[in-house]
Amino acid sequence: MSYLLRTLTKKEDVDSIIRDTIDKLLVLRFGRSSDSVCLQLDDILSKSEQDVSKFASIALVDVDSEEIQVYVKYFDITLIPSTVFFFNAHHMKMDSGSADHTKWVGAFHRKQDFIDVVEEIFRGAMKGKLIVNCPLPPERIPKFQLLYKGV
């Protein structure tokens, strides 16, 4: 399903989509088109694109592209898929009960979970917030362990 969504492979493309997406939430999925969990998330994103099109834009970012590595390092994309949200070029964060509020790690369990998250972040952004609480119950939030290097 990744062929249905815009795929970004250059740093300039990511820069411009972040800068040029105004008054809409930008959803960037960092991952690989060959990964099974990424394909599961891509399926949910492509099915949801029409439902959220009035207030969100969705794009895929290929983490294997050499030019994208600056973003992979900046957002600490170590687990894929990782989904990052922007509103008017501001990085939006979400408290989902994990130590990392900067991105959503893993796939959503169902289409409505993704729509709920996007709506919540958009509502918070319209109110001027840069971090929002996750609207999903804890059992539908992917669990992962953060390992801090050199701490």
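Residues numbered from 1 in each chain as written. Predicted model: local features only at pLDDT ≥ 70, side-chain atom pairs only at ≥ 80, totals over all residues. Heavy atoms only, no water.

**Observations concerning the side chain of serine 96**
Now for step 1: Looking at the secondary structure, you find serine 96 in the loop between strand 5 (90-95) and strand 6 (104-105).
Now for step 2: Among the residues examined, serine 96 registers a relative accessible area of 14% and is labelled buried.
Now for step 3: Contacts of serine 96, omitting those with residues within four sequence positions, involve His101, Trp104, Cys134 and Ile141. (Helix = DSSP H or I, 4+ residues; strand = E, 2+ residues; numbered from the N terminus. Buried < 20%, exposed > 50% of the residue type's maximum accessible area, 1.4 Å probe, protein only. Contact = heavy atoms within 4.5 Å.)

**Remarks on helix 2 (residues 36-52)**
Now for step 1: Between its terminal C-alpha atoms helix 2 stretches 24 Å, which fits the 24 Å expected from 17 residues at 1.5 Å a residue.
Now for step 2: What helix 2 keeps buried is the set Cys38, Leu41, Asp42, Ile44, Leu45, Ser46, Ser48 and Val52.
Now for step 3: Looking at the buried residues of helix 2, the elements they touch are strand 2 (25-31), strand 3 (56-62), strand 4 (82-87) and helix 4 (111-126).
Now for step 4: The opening residue of helix 2 is aspartate 35, an N-cap whose side-chain oxygen sits 3.1 Å from the backbone nitrogen of valine 37. (Expected span 1.5 Å × (residues − 1). Polar contact = N/O pair within 3.5 Å; in protein donor to acceptor, adjacent residues only side chain to side chain.)

**Some thoughts on the pairing of strand 3**
Now for step 1: By the criterion of burial, strand 3 is predominantly enclosed, with 5 of the 7 residues buried.
Now for step 2: In this sheet, strand 3 lies alongside strand 1 (residues 6-8) in parallel orientation, the contact comprising 3 bridges. Residue pairing for strand 3: threonine 7 is matched across the bridge by leucine 60.
Now for step 3: Two elements, strand 2 and strand 3, share 7 bridges in a ladder whose sense is parallel. Along strand 3, the bridge assignment pairs leucine 25 with alanine 56. (Pairing = 2+ DSSP bridges.)

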